[in-house]
Amino acid sequence: MDGESTARFQSLREIARQRILEILDMIQGQKFLAIDPSLVGPLSLIIEMSVLKEHGVSKVSQIVEKEIEFDCRDVIYICRPTIQMMQFISGHVKKCNEHREEHRYHLYMCPRSTTVCEKILISNNVMIDFDSIDQINLFLIPLENDLLSMQMDKSFREIVLERDFSIYHYIARAILQLEHNYGPIQIKEGKGFASGQVLRILKMLEEDDPEHINEVPISVIQSAVLIDREIDMITPLCTPLTYEALIDEVFGIANNIIKVNPRVLENDSDRQIQISLTSADNIFQEIRDLNFCVLKPLLIEKLEYIDNTYKEKDQQKSVEELSKYMKKFKQAHKEASFVQNHLHLAIHITNETVKNPFFNQNLDIEHSIIMGDSDSQILENIERLIGMGEDINTVLRLLCLLSVTQNGLKNKFFDFFRKEILQTYGFEHILTLSNLEKAGLLKKQEGKNNWSNLVKAFKLIKEDVNQRIPDDIAYAYAGYAPLSLRLIENLYISGWNNDVVRSLPGDYSAIRLNTEDKKQADKPLVLLFFVGGVTFAEVAAIRYLNRRPDAKREFVIATTHLINSKSFIDAVSEKIQNEIERSSIE
Amino acid sequence: MATLNWTDLGDVFYRQMHLYDMKWEQDLALEYFHIAAAKFGGPIARIMKPKSLILGIPKNNQLFREYLTINDSAGKLKGKVIWDFNKKFVGMGWTNDEILVIIFADGEIKLLDIHGENISFPPPLFGTPPPKEKEIISVEIFENMLIFLTADNYFYYVRNFTSCKPEVINNIDKRRGRPTCFKAIPPNHSFSSNLDILCGDPNGGLNLIQESKEVKFFSKIPFTNEEISRVENIALSVTGEYLALLLEGSVVVVLEANFSRILTRIDARLALTEIKQLVWCGTDAVCVVCGDYIGILGPDNTTAHMDIDKKKEGVFCVPEIDGMRVITTEKCEFWEKVDEALQMTLSIGSLSAPALLLTANESYLENSGSSGESIRSLQQNEQLLEAVEKLLQAASAEFDVDSQEKLLKAAAFGKTFLPPGIFESNKLVEIVRNLKVLNNIRKDWVARPLTYRQLIYTRTNGELLIKRLLDSRYHFLAIQISKLWKLRVDEIYVHWACVKLTDQKYNDSQMCDLICEKLNSCKSVKYTDIARKALDYGRRELAIKLLENEPAISRKVPLLLYMKEYERALDKAIESSDPDDIYLVIMRIHEEDTIASERPDYVPAENNSVQKVLQKPIAREMFLSYARQVDEKLLRNAFKELKRFQDAGNFTIEKAYKSNLLKNRVELLAIAKDLYSKYDKDPLYEAATKEHITLITQQKRLIKETQDRGIVDCSICDTIIRLLKHGQDQNAEKIAKQFNISDKKMCYLKLRVKASTNDWAGIESMFKQKKAPSIGFRPFANILVQKGQLELAEAAILKVPEVDYQITMLQFIESYLKAAEVAVKAKMFDVLNEIAQKTTDSAVRDYIDTVMSGSGR
């Protein structure tokens with residue numbers, strides 16, 4: 001990556017960071033910081049704990065329902081503008097007033113402050129206690145130089161279950177913020193209901209924008225393509241096979257960090273070890289998007305190289321040679337711990353996945369569903385998983401995959417599997433079943449099955465894909481090419497004005513700005529915005545498209561949040577604590 | 001040009017400049033009044049001192065016996081307020097935003113604008129009646145804050161005039177006695193880098209008061225050890241950098257506000273006359289005002305005095321950032337240090353570069369020919385640029401328009417001799433533009449006597465000048481100036497319109513036309529703000545008309561709500577799709593609905609607002625999500641209204657599981673079942689709930705037989721598994737039968753139970769029966785592999801019909817020989833290589849070699 005693109009979106013982070021520092025410095029002396037749990041992760045990507053301390057933060061705590069003990073006069077709340085948060089905060093303030101504790105409260109809502117929230121504070125009679133109420137315009141956070149995320153983990157659920165418009169509005173504002181910072185985006189287009197809503201709102205915002213985007217002298221991003229996750233709910237249900245995606249499946253990456261059991265790393269610490277997974281780790285940067293099958297030999301090769309470098313130590317003769325060697329040694333030494341870590345992670349993942357026959361048996365089921373094999377075998381296999389009490393998440397994932405590819409399950413099977421789930425895993429899962437049906441993930445078959453047409457039209461299956469040296473995006477899913485990405489490829493080959501694209505859910509919509517063309521780079525920059533989440537394997541495949549020698553454009557990715565097969569199902573599941581107080585059983 | 005009224009103070013000059021002849025309505029002596037004047041040439045508020053009333057000096061003057069008056073710098077009346085002289089007045093002052101804050105001893109507080117109109121009606125600071133110890137003793141208006149001292153020696157501040165909530169800064173021990181005077185020091189210049197309060201101790205010395213820190217007492221000035229006697233008065237320069245202390249015996253000590261340095265110490269020797277004011281004149285000199293004498297105390301012990309020519313008693317001085325205004329009954333003057341450039345240029349016999357250039361220009365205009373020589377000499381000495389720049393500076397310091405012109409012309413003349421590019425022409429344009437503004441606002445009718453420096457200061461601090469002009473309703477001037485400075489004018493138009501609304505001459509449609517016509521030229525005007533004002537004046541129809549002109553949809557919503565136009569508001573909110581707007585409408589509708597339903601005569605109206613929300617798809621979902629968070633009853637009603645029985649059932653189930661009391665849970669499940677029964681699209685929900693209720697009844701019964709309380713609210717399968725583990729096979733079969741659990745399923749459950757109890761023989765007998773198990777062999781093989789029962793696992797694997805499976809699993813359990821045999825049998829020779837690589841067992845390798853060579857590979 002060249003110098004320009006490495007720092008490309010860092011200014012977004014810098015703006016947010018400066019804003020937070022400004023908020024802290026406005027208040028003299030020590031202050032208590034209370035943060036919305038859903039913002040803790042995103043804010044950690046913006047500003048480090050140590051910097052908060054330097055700027056007078058005495059303590060950081062999460063905003064919860066129960067009282068918090070404030071040890072400073074000044075209390076700063078940073079939260080999402082939600083009714084729940086306002087009620088928690090009102091509760092705290094009231095309690096402190098009852099105890100005659102004098103505090104000065106400051107409230108900052110992210111990404112914006114809303115009148116509704118203020119109204120709630122007013123109706124709770126605590127508005128008067130706040131010294132300041134303002135906002136932190138943090139919409140998109142750069143996770144990588146080519147990956148921006150709003151880090152709103154609940155957004156898919158909000159879209160498909162609660163049908164809450166807020167998220168569309170936030171996305172529109174996020175894009176507007178990009179335009180303010182990086183110039184107008186000439187073409188913004190999208191497919192799907194959500195994309196249409198976002199673009200409609202964006203158009204209104206642009207028209208009513210006091211700082212006119214056309215006055216920004218540059219135009220970094222040429223076009224934006226919005227992809228609605230509801231168009232392709234298949235990909236997130238599949239098992240990815242790139243390194244980063246598998247790390248995510250096995251360990252769960254949150255805000256660029258994984259927490260690993262020390263045993264995995266052959267470390268004798270008694271606490272979980274945090275590993276940061278970013279391009280700052282140059283070994284990771286090199287291997288993150290590779291198919292898992294090439295990983296181990298590569299890492300071993302690296303290890304041998306490092307080993308040899310160490311061994312060369314005694315062979316150096318002249319001063320010149322020695323100084324050259326020191327450079328090499330330092331580099332090797334820096335990489336050594338990275339390589340070690342990745343080797344350990346890779347071994348752990350191998351044992352959990354590709355070397356595990358049970359993982360492979362499930363992968364086979366998934367594979368036959370994608371291939372459109374005959375139902376009976378698939379159904380039999382899923383029934384067996386339920387029978388043996390396999391993890392419900394896996395079972396639901398496979399059932400959803402079957403339902404989504406076949407446009408629903410046949411009536412008979414739909415009822416059979418729902419009963420099976422309730423009887424095996426518990427009645428309370430009836431809520432999850434209801435959610436999955438509402439989300440369109442698990443439903444009764446209706447109308448014709450379109451899957452085989454899609455497979456043919458979009459060449460979704462490429463069994464002979466070269467997983468070692470990728471020759472198609474299908475390398476990321478071992479032969480299945482993500483529909484979302486084929487759709488994007490298709491946009492630049494034949495356009496979206498055809499029957500297959502039309503057969504996918506949701507309409508096409510677009511905003512074209514009619515302003516004079518500003519100077520464009522040779523390779524136009526295209527922003528792909530995944531509304532409702534993107535997987536790491538999709539990210540890897542997009543990076544592969546960027547690396548292709550015949551690439552005519554460069555893609556950068558934006559998303560509401562990152563998802564994997566587990567979190568995708570979890571997001572629409574209903575978490576229920578089935579606990580009964582013993583004494584209440586007579 | 002007048003250098004006549006220049007007074008020298010050391011090596012600098014001070015001058016007094018006549019600004020206005022005062023146009024007071026009645027020229028009563030100022031000493032009868034309490035006075036407060038705003039900085040930056042701002043308004044002057046006056047109230048008659050009660051003493052003067054009693055003395056009956058202004059005998060027949062009704063105006064001052066009844067009113068507080070506000071006048072501008074030229075003494076023109078701007079506003080008057082009826083005054084209650086029975087109330088104990090403590091003090092008043094103008095904030096930086098030019099709000100007049102008036103404080104009474106009982107904590108009552110008044111906030112007035114320049115026209116004497118109430119900005120708001122804040123509650124008394126300590127409630128009514130206030131506690132006796134909280135009687136207010138003295139106040140200071142500091143920037144946009146109010147700082148005051150109460151009878152119990154507590155210092156408070158009010159930082160926000162909308163809430164007017166007093167906050168304690170700190171207190172001084174009552175035994176020390178009441179402070180003689182106090183002053184706030186801004187953080188950027190204070191001793192502690194926080195907001196400090198300095199107050200004089202009655203026994204001499206200074207107390208330094210900081211928020212939540214111990215009070216510091218200084219008997220001597222830090223760093224210098226200067227003894228501090230009783231402090232009578234404290235003055236802070238407007239910029240906050242310098243402090244002047246008036247000590248007992250008329251000694252004035254001037255020091256830096258953070259105590260780092262004493263600048264000067266002067267005996268003012270005025271003990272005979274009472275010192276009325278201690279005021280900073282800019283940042284270079286402190287003035288003591290007593291009677292008709294103003295002493296100027298400069299650096300290095302320099303002193304001078306200037307007399308005020310006045311007929312009536314009383315002078316009032318107003319400190320400014322670069323000088324001070326001196327107000328008397330007759331006139332308003334501005335006193336300042338003469339600008340260095342002006343001094344260089346105008347001092348008699350000056351040979352400085354700008355003076356030479358000025359003379360050169362004069363002779364050029366008179367055609368006397370000597371100008372060329374002067375220019376050349378300036379050029380030779382490379383002083384021409386300096387001369388031009390100094391002349392511009394001098395021009396900007398001049399108040400007199402003719403003098404400005406003369407100096408500017410000379411500067412422009414000099415500029416033509418400069419090589420191109422050396423002097424930035426913009427600078428000249430900028431100065432001319434600003435002088436134009438200054439000359440206009442200094443005129444009598446506006447009476448804003450700003451200096452050039454003050455103008456620049458107000459510009460860089462949020463365009464204060466424009467705001468002040470609007471306060472005084474000089475809209476046209478404000479627009480002209482804004483255009484000159486390329487500022488936005490939309491808010492000025494809105495302000496104008498809001499003022500215009502009070503004009504009763506026009507009816508609604510005339511008024512709307514008038515406003516729209518005027519505002520047509522200006523885009524991005526917020527019509528909502530005007531409409532809101534119209535509503536405040538009770539002109540509802542006009543408000544609706546104005547609102548139609550508002551381009552931004554989401555701005556309309558709050559006002560429509562305020563007008564209780566809920567349906568319109570809802571439509572607009574949906575159109576904008578801003579969730580904040582939609583939720584705002586929903587909230588208001590809910591509030592109204594709640595209030596209405598609490599009335600005793602409440603009958604739910606057909607098609608009420610709530611129902612209307614539920615008819616609109618986007619609003620409906622958001623209404624439900626809102627109701628879910630705030631009001632369960634509202635949610636249930638909405639579900640009922642929408643006939644969403646499934647959602648209602650789901651919500652009840654959710655609640656059922658939030659309760660961990662069994663009785664509660666079962667009751668809620670029963671309610672959910674009833675709700676589901678009305679959901680005819682999918683009978684499974686009702687059936688499953690019914691089944692679960694039955695199950696719980698069964699489970700309760702089973703506790704007795706199993707002594708296992710954990711069995712309650714398990715799934716059916718888990719119930720059976722538990723029963724099997726307890727050896728209650730019969731009960732297990734019964735449950736299976738009752739709940740239609742198939743034999744096949746039972747087979748799985750039994751297998752799982754056997755595996756978890758390590759009953760390997762049991763498993764073996766299950767899959768080695770004559771009849772193949774209904775669930776096939778795979779589950780057996782898988783679980784045996786997982787449990788590490790490899791021998792038995794091998795047997796099970798070999799019974800699974802799929803060869804691929806056999807080979808994979810056999811390799812996994814490292815039965816390479818068997819794997820190879822299977823591969824050979826299935827003629828899958830490729831696999832043999834793979835196996836050979838993995839195994840270390842020579843027997844297996846030999847076998848493979850033999851097979852390979854035998855098959856000719």
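Here the structure is a predicted model, which means the values were calculated and not measured.

## Regarding the overall build of chain A
Right, on to step 1. Per the secondary structure count, chain A includes 23 helices and 16 strands.
Right, on to step 2. When its C-alpha atoms are laid out on the principal axes, chain A stretches across 80 × 70 × 70 Å.
Right, on to step 3. Counting over 586 residues, chain A shows a buried share of 57%.
Right, on to step 4. If you take every contact in chain A between residues at least 6 apart in sequence, the share linking residues at least 24 apart comes to 78%.
Right, on to step 5. For chain A, the computed accessible surface area is about 25100 Å², with 49% contributed by carbon and sulfur atoms.
Right, on to step 6. If you average the places of the 68 positive and of the 86 negative side-chain charges in chain A, the two averages end up 2 Å apart.

## Some words on the side chain of A:R104
Right, on to step 1. Within the fold, A:R104 resides in strand 4 (residues 104-109).
Right, on to step 2. With relative accessibility at 9%, the residue A:R104 sits in the buried group.
Right, on to step 3. There is a polar contact of 3.2 Å between the side chain of A:R104 and the side chain of B:Y157.
Right, on to step 4. Every residue in contact with A:R104, bar those within four places of it in the chain, is listed here: A:R73, A:D74, A:V75, A:D131, B:Y157, B:R159, B:E167 and B:E211.

## Concerning empty space enclosed by the protein
Residues and elements named next belong to chain B.
Right, on to step 1. All chains considered together, the criterion is met by 4 cavities of 30 Å³ or more.
Right, on to step 2. There is about 80 Å³ of room inside the largest cavity.
Right, on to step 3. G41, G42, P43, D72, K78, I114, V446, A447, R448, S472 and Y474 are the residues that line the largest cavity.
Right, on to step 4. Here the residues of the lining of the largest cavity sort into 5 nonpolar, 3 polar and 3 charged.

## Some remarks on the side chain of B:S73
All names here are of chain B.
Right, on to step 1. Tracing the chain through its elements places S73 in the loop between strand 5 (67-71) and strand 6 (77-82).
Right, on to step 2. S73 gets classed as buried once you look at its relative accessible area, which sits at 0%.
Right, on to step 3. Within the structure, S73 has its side chain in polar contact with the side chain of R325 (distance 2.5 Å).

## Comments concerning the interface of chain A and chain B
For an interface, size is often stated in terms of accessible area lost upon the parts coming together.
Right, on to step 1. Every contact between the two is made by 66 residues of chain A and, on the other side, 76 residues of chain B.
Right, on to step 2. Between chain A and chain B, the buried area comes to about 6100 Å², and carbon and sulfur atoms account for 54% of it.
Right, on to step 3. Considering only the side of chain A, the residues that lose the most area to chain B are A:M388, A:Q423 and A:F427, jointly responsible for 12% of the buried surface there.
Right, on to step 4. Summed over the shared surface of chain A and chain B, the number is 12 salt bridges.
Right, on to step 5. As a salt-bridge pair, A:K438 and B:D647 come within 2.4 Å of each other at their nearest N and O atoms.
Right, on to step 6. Between the two partners, chain A and chain B, sit 26 residue pairs in polar contact (both at pLDDT 80 or more).

## Regarding the sheet that holds strand 30 (residues 323-327) of chain B
Backbone-to-backbone hydrogen bonds join strands into a sheet, with any given pair of strands oriented parallel or antiparallel.
Residues and elements named next belong to chain B.
Right, on to step 1. Judged by pairing direction, the sheet is antiparallel, and its 5 strands sit side by side in the order 1-2-31-30-29 without closing on themselves. On the outer flanks of this sheet lie strand 1 (6-9) and strand 29 (316-320), each paired with one strand and no other. The average angle at which neighbouring strand axes cross in this sheet is 25 degrees, direction not considered.
Right, on to step 2. Inspection of the sheet shows strand 2 (residues 12-21) paired to strand 31 (residues 331-337) by 7 bridges, in the antiparallel sense. The partner of Y20 across the bridge, within strand 31, is C332.

## Section: the sheet that holds strand 13 (residues 525-531) of chain A
Residues and elements named next belong to chain A.
Right, on to step 1. What the 7 strands build is an open sheet, ordered 6-7-15-13-9-8-12; its pairing is mixed. The open sheet has two edge strands, strand 6 (141-144) and strand 12 (508-512), and neither has a second partner. Ignoring which end each strand starts from, the neighbouring axes of this sheet average 20 degrees apart.
Right, on to step 2. In the sheet, strand 9 (residues 223-228) pairs with strand 13 via 6 bridges, with the strands oriented parallel. Note that in strand 13 the partner of D228 across the bridge is V531.

## Focus: the packing of aromatic side chains
Right, on to step 1. Throughout the structure, instances matching the rule amount to 37 aromatic pairs over all chains.
Right, on to step 2. Considering the side-chain rings of B:F413 and B:F417, the 5.1 Å spacing of their centres and the 80 degrees angle between planes classify their relative orientation as edge-to-face.
Right, on to step 3. Ring-pair connections join several aromatic residues into one group, and the members of that group are A:F32, A:F70, A:Y77, A:Y105 and A:F130.

## So, the domain arrangement of chain B
Right, on to step 1. What the domain assignment lists for chain B is domain 1 (29-276) and domain 2 (802-857).
Right, on to step 2. Here domain 1 of chain B and domain 2 of chain B have C-alpha centroids that lie 99 Å from each other.

## Let's talk about the confidence of the model for chain A
Right, on to step 1. Overall, the prediction assigns chain A a mean pLDDT of 90, with 96% of residues at 70 or greater.
Right, on to step 2. Across chain A, the secondary-structure element scoring lowest on mean pLDDT is helix 1 (residues 3-6) of chain A, at 48, and the one scoring highest is strand 14 (residues 534-535) of chain A, at 97.

## Re the pairing of strand 29 of chain B
Right, on to step 1. Where burial is concerned, most of strand 29 of chain B is hidden: 4 out of the 5 residues are buried.
Right, on to step 2. The antiparallel pairing of strand 29 of chain B with strand 30 of chain B creates a hairpin that spans 2 residues between the two strands.

## A look at the pattern of salt bridges
Right, on to step 1. Applying the stated criterion to the full structure yields 94 salt bridges over all chains.
Right, on to step 2. In this structure, B:E591 engages B:R588 in a salt bridge whose closest nitrogen and oxygen atoms are separated by 3.8 Å. In this pair, B:E591 and B:R588 are both assigned in helix 18 (residues 579-598), 3 residues apart and thus about one turn of the helix distant.
Right, on to step 3. For B:E591, a relative accessible area of 33% puts it in the partly exposed group.
Right, on to step 4. Using a relative accessible area of 15% as the deciding quantity, one classes B:R588 as buried.
Right, on to step 5. Salt bridges sharing partners connect three or more residues here, namely A:R73, A:D74, A:R104, A:D131, B:R159, B:E167 and B:E211.

## So, the domain arrangement of chain A
Residues and elements named next belong to chain A.
Right, on to step 1. Structurally, chain A comprises domain 1 (3-138), domain 2 (142-232 + 470-571), domain 3 (243-352) and domain 4 (357-406 + 408-447).
Right, on to step 2. The centre of domain 2, based on its C-alpha atoms, is set 32 Å off from the matching centre of domain 3.
Right, on to step 3. Roughly 1200 Å² is buried in total at the junction of domain 2 and domain 3, and carbon and sulfur atoms are behind 37% of that figure.
Right, on to step 4. The tally of links between domain 2 and domain 3 comes to 3 salt bridges.
Right, on to step 5. Among the ionic pairs, E144 bridges to R288, the shortest N-O distance being 3.3 Å.
Right, on to step 6. Applying the counting criterion to the domain 2 and domain 3 interface returns 10 residue pairs in polar contact (both at pLDDT 80 or more).
Right, on to step 7. Breaking the side of domain 2 that touches domain 3 down by element, the ones donating at least two residues are strand 6, helix 22 (536-547) and helix 23 (565-572).
Right, on to step 8. At 5 residues, the largest contribution of residues to the side of domain 2 that touches domain 3 is made by helix 22.
Right, on to step 9. When grouped by side-chain class, the residues that make up the side of domain 2 that touches domain 3 number 6 nonpolar, 4 polar and 4 charged.

## Details of the state of the cysteines
Residues and elements named next belong to chain B.
Right, on to step 1. Scanning all chains against the criterion turns up 0 disulfides over all chains.
Right, on to step 2. Residue C281 stays outside any disulfide, its sulfur separated by 4.9 Å from that of C287, the closest cysteine.
Right, on to step 3. Since its relative accessible area comes to 3%, C281 is described here as buried.
Right, on to step 4. Left unpaired, C290 is separated from the closest cysteine sulfur, that of C317, by 10 Å.

## Considerations on the pairing of strand 3 (residues 33-37) of chain B
Residue and element names in this part refer to chain B.
Right, on to step 1. Across the 5 residues of strand 3, 4 count as buried, placing the element largely inside the fold.
Right, on to step 2. Sheet topology places strand 3 next to strand 4 (residues 44-48); 5 bridges connect them, and they run antiparallel. Bridged to I35 within strand 4 is R46.

So, how was this worked out
- Residues numbered from 1 in each chain as written.
- Chains lettered and ligands numbered in written order.
- Predicted model: local features only at pLDDT ≥ 70, side-chain atom pairs only at ≥ 80, totals over all residues.
- Heavy atoms only, no water.
- Helix = DSSP H or I, 4+ residues; strand = E, 2+ residues; numbered from the N terminus.
- Buried < 20%, exposed > 50% of the residue type's maximum accessible area, 1.4 Å probe, protein only.
- Contact = heavy atoms within 4.5 Å.
- Areas by Shrake-Rupley, 256 points an atom, 1.4 Å probe, with all protein chains shown as cover.
- Lys, Arg positive; Asp, Glu negative; His and termini not counted.
- Charge placed at Lys NZ, Arg CZ, Asp CG, Glu CD.
- Polar contact = N/O pair within 3.5 Å; in protein donor to acceptor, adjacent residues only side chain to side chain.
- 1 Å grid on protein atoms, 1.4 Å probe; cavity = no way out; pocket = protein on both sides within 12 Å on 5 of 7 lines; lining within 4 Å.
- Points joined across faces, edges and corners; volume = space filled by probe spheres on them.
- Nonpolar A, V, L, I, M, F, W, Y, C, P; charged D, E, K, R; others polar.
- Buried area = accessible area lost by both parts, 1.4 Å probe.
- Salt bridge = Lys/Arg side-chain N within 4 Å of Asp/Glu carboxyl O.
- Pairing = 2+ DSSP bridges.
- Axes fitted to C-alpha atoms, helices over the stretch in contact; angles between N-to-C directions.
- Phe/Tyr/Trp six-rings, centres within 6.5 Å; stacked < 30°, edge-to-face > 60°.
- Domains from an automatic or database assignment.
- pLDDT = per-residue confidence, 0-100.
- Disulfide = S-S within 2.5 Å.

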